[in-house]
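Listed here are the chains, written in short residue letters.
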Amino acid sequence: MSTAPNAVADVDAGLTGVHERILSHVVGRERELELTLAAVAAGRDILLEGPPGTSKTTILKAITEEWGIPLFFVEGNADLTPAKLVGHHNPARVLREDYSEENFVPGPLVEAMQEGGFLYIEELNRAPEDTMNTLLMAMGDRAITVPRAGRVVAKPTFRVVASMNPFDNVGTARLSQSVHDRLNRVVITYQDAPAEVRIVRLRSGLGDAEGESSANALGERIVQHAVAVTRATREHPDVRQGSSVRGAIDTAMIAAQLASLRNVHESDDDRYLELFYDAMTVGLSGRIHVDEAAETTPERVLREIWEDRFVLEPRTAAPG
Ligand SMILES: Nc1ncnc2c1ncn2[C@@H]1O[C@H](COP(=O)(O)OP(=O)(O)OP(=O)(O)O)[C@@H](O)[C@H]1O
Ligand SMILES: [Mg+2]
């Protein structure tokens, strides 16, 4: 069967309008969204390469929701066998009825092909080689033959989107040349501080640039501080990989709860600094990976960041 991307042409027609709407779901990321959208609208498969928490899922959800097509998630790891990706025959039914098309339970690859969705494989580089080969065949042919279930031809909007963390070196091979040669690539890095502040405001419901009330002022101060210390974890010399904006969102929300539990209303209260440190240890200590050679701990790194920010340079602790 031909793989002419008819449905993609339909999408193309309204691409500009769709583009505007997609942007409204996402804070910033205009360029990454545009590049990703152009690649998938062109009928291509793509690799999004970036550290955790850098909007990869957010971007894909925004695109698939606007296009009205499903998004299937698969985590790439050593357990992702070809059978898990493609599907399997229901063993009980096979015993009763023998193998047939009807008792085949499709896996995410076949589902995405049948429904014309995006198959999103996180950490593709961790998938075993035979799984990778199955995937490459499906990508190349836009069709797959499943033994004893028949041939599945992908709908035109089927895409494979893979992600990879460039810092990832946990027992993984790099992707082979043949995989790279079949994928387009968009590199995603951390957003700048103002964008991260907007994300934390949006996700935590705290702070508000125009807020006048003291609760708003404290919330805004918490948001600014959470973003600043989270960004500092990425710069610290003893840290291999710092925290994403997820750590900032959680630190801010935990700090706000601590402020209310401890009845702290002002950010120039000494007790604020203490509660903020406590919130950092909860929100960030599990999210930073210290360099093995550095002989330090996440707690110690966080203490240093906190002291730099609030004790050594207290003036810079003021937002803005
Ligand atoms: N540009 C953005 N606009 C709005 N929210 C965002 C943006 N980037 C990240 N977030 C928020 O930060 C969190 C992490 O984002 P997301 O899940 O998109 O990251 P990811 O790149 O898919 O991470 P991972 O590689 O760990 O899967 C989510 O809670 C999301 O709501
Ligand atoms: Mg994700």
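Everything below is about the structure printed above this text.
So, how was this worked out
- Residues numbered from 1 in each chain as written.
- Chains lettered and ligands numbered in written order.
- Predicted model: local features only at pLDDT ≥ 70, side-chain atom pairs only at ≥ 80, totals over all residues.
- Helix = DSSP H or I, 4+ residues; strand = E, 2+ residues; numbered from the N terminus.
- Buried ≥ 20, exposed ≤ 12 C-beta atoms within 10 Å, placed from the backbone.
- Contact = placed C-beta atoms within 7 Å.
- Pairing = 2+ DSSP bridges.
- Axes fitted to C-alpha atoms, helices over the stretch in contact; angles between N-to-C directions.
- Expected span 1.5 Å × (residues − 1).
- Bend = angle between axes of the 7 residues up to and from the residue.
- Near = placed C-beta within 6 Å.
- Nonpolar A, V, L, I, M, F, W, Y, C, P; charged D, E, K, R; others polar.
- Domains from an automatic or database assignment.
- Core = buried A, V, L, I, M, F, W, Y, C linked by C-beta atoms within 7 Å.

**Quick look at the overall build of the protein chain**
So, step 1. Looking only at helices and strands, the protein chain has 14 helices and 11 strands in total.
So, step 2. Counting only residues that meet the buried cut, the protein chain has 39% of its 320 residues in that class.
So, step 3. Considering only contacts in the protein chain between residues 6 or more positions apart, those separated by 24 or more positions represent 72%.

**A look at the sheet that holds strand S1 (residues 46–49)**
So, step 1. Across the sheet, which stays open at both edges, the 5 strands sit in the order S2-S5-S8-S1-S9 with parallel pairing between neighbours. Each edge of the sheet is formed by a strand with only one pairing partner; in this case those strands are strand S2 (71–75) and strand S9 (184–187). In this sheet, neighbouring strand axes are inclined to one another by 20 degrees on average, regardless of whether the strands run parallel or antiparallel.
So, step 2. Where S1 meets S9, 4 bridges bridge the pair, whose relative direction is parallel. The residue of S9 that forms the bridge with Leu48 is Val186.

**With respect to helix H14 (residues 298–312)**
So, step 1. Here H14 is 15 residues long and its end C-alpha atoms lie 20 Å apart, about the 21 Å a rise of 1.5 Å per residue gives.
So, step 2. For H14, the principal kink sits at Trp306 and spans about 25 degrees.
So, step 3. Looking at H14, one finds that the buried residues are Val301, Leu302, Ile305 and Arg309.

**Points about the site of ligand 1**
So, step 1. Looking at ligand 1, there are 17 residues lining it, with Pro52, Ser55, Lys56, Thr57 and Thr58 nearest.
So, step 2. Elements with a contribution of two residues or more to the shell around ligand 1: helix H4 (56–67), helix H10 (193–204) and helix H12 (245–261).
So, step 3. When grouped by side-chain class, the residues that make up the shell around ligand 1 number 5 nonpolar, 7 polar and 5 charged.
So, step 4. Composition of the shell around ligand 1 by domain shows at least three residues from each of domain 1 (6–187) and domain 2 (193–317).

**Looking at the pairing of S1**
So, step 1. What you see with S1 is no split at all: Ile46 and Leu48 on one side and Leu47 and Glu49 on the other are buried throughout.
So, step 2. Across 4 bridges, S1 lies against strand S8 (residues 159–164) in parallel orientation. Within the sheet, the bridge partner assigned to Glu49 lies in S8 and is Met164.

**Considering unusual backbone geometry**
So, step 1. Positive phi, normally seen in glycine, also occurs at Arg29, with a value near 65 degrees.
So, step 2. Structurally, Arg29 can be placed in the loop between helix H2 (15–23) and helix H3 (30–41).
So, step 3. Residue Asp98 is not a glycine yet carries a positive backbone phi of 70 degrees.
So, step 4. Residue placement: Asp98 occurs in the loop between helix H6 (91–97) and strand S4 (104–106).
So, step 5. Under the C-beta neighbour-count criterion, Asp98 is labelled exposed, with 10 such atoms within 10 Å.

**What to know about the environment of Thr134**
So, step 1. Within the element layout of this structure, Thr134 appears in helix H8 (residues 129–141).
So, step 2. When the C-alpha atoms of Thr134 and Thr81 are compared, they prove to be 9.6 Å apart, with 53 residues separating the residues in sequence.
So, step 3. Once residues lying within four places of it in the same chain are set aside, the contact partners of Thr134 are Pro82, Leu85 and Val86.

**Examining the nonpolar core**
So, step 1. Counting 43 residues, the largest nonpolar core has Leu109 and Met113 as its most contacted members.
So, step 2. Looking at this core, the elements with two or more residues in it are H3, S1, H4, helix H5 (82–86), helix H7 (108–115), strand S5 (118–122), H8 and S8.
So, step 3. Among the elements that make up this core, the one with the highest residue count is H4 (5 residues).
So, step 4. The contact partners of Leu109, leaving out residues within four places of it in the chain, are Leu85, Val86, Leu119, Leu135 and Ala138.
So, step 5. Listed in part, the 32 residues of the second largest apolar core include Val197, Ile254, Val301 and Leu302.

**Examining the environment of Ala62**
So, step 1. As for its position among the elements, Ala62 is in helix H4.
So, step 2. The exposure class of Ala62 is buried, given the 22 C-beta atoms found within 10 Å.
So, step 3. Expressed as a C-alpha distance, the spacing of Ala62 and Leu33, which sit 29 residues apart in the sequence, is 9.2 Å.
So, step 4. Among residues more than four places away in sequence, those in contact with Ala62 are Ile22, His25 and Val26.

**Things to note about H12**
It helps to recall that an α-helix has 3.6 residues per turn; residues three or four apart then point in one direction.
So, step 1. With 17 residues, H12 extends 24 Å from end C-alpha to end C-alpha; this agrees with the ideal 24 Å at 1.5 Å per step.
So, step 2. When you tally the buried positions in H12, you get 12 out of 17 residues, the bulk of the element.
So, step 3. Taken as a whole, H12 has its buried residues at Val245, Gly247, Ala248, Ile249, Asp250, Thr251, Ala252, Met253, Ile254, Ala255, Ala256 and Ala259.
So, step 4. The secondary structure elements touched by the buried residues of H12 are H10, helix H11 (214–235) and helix H13 (270–284).

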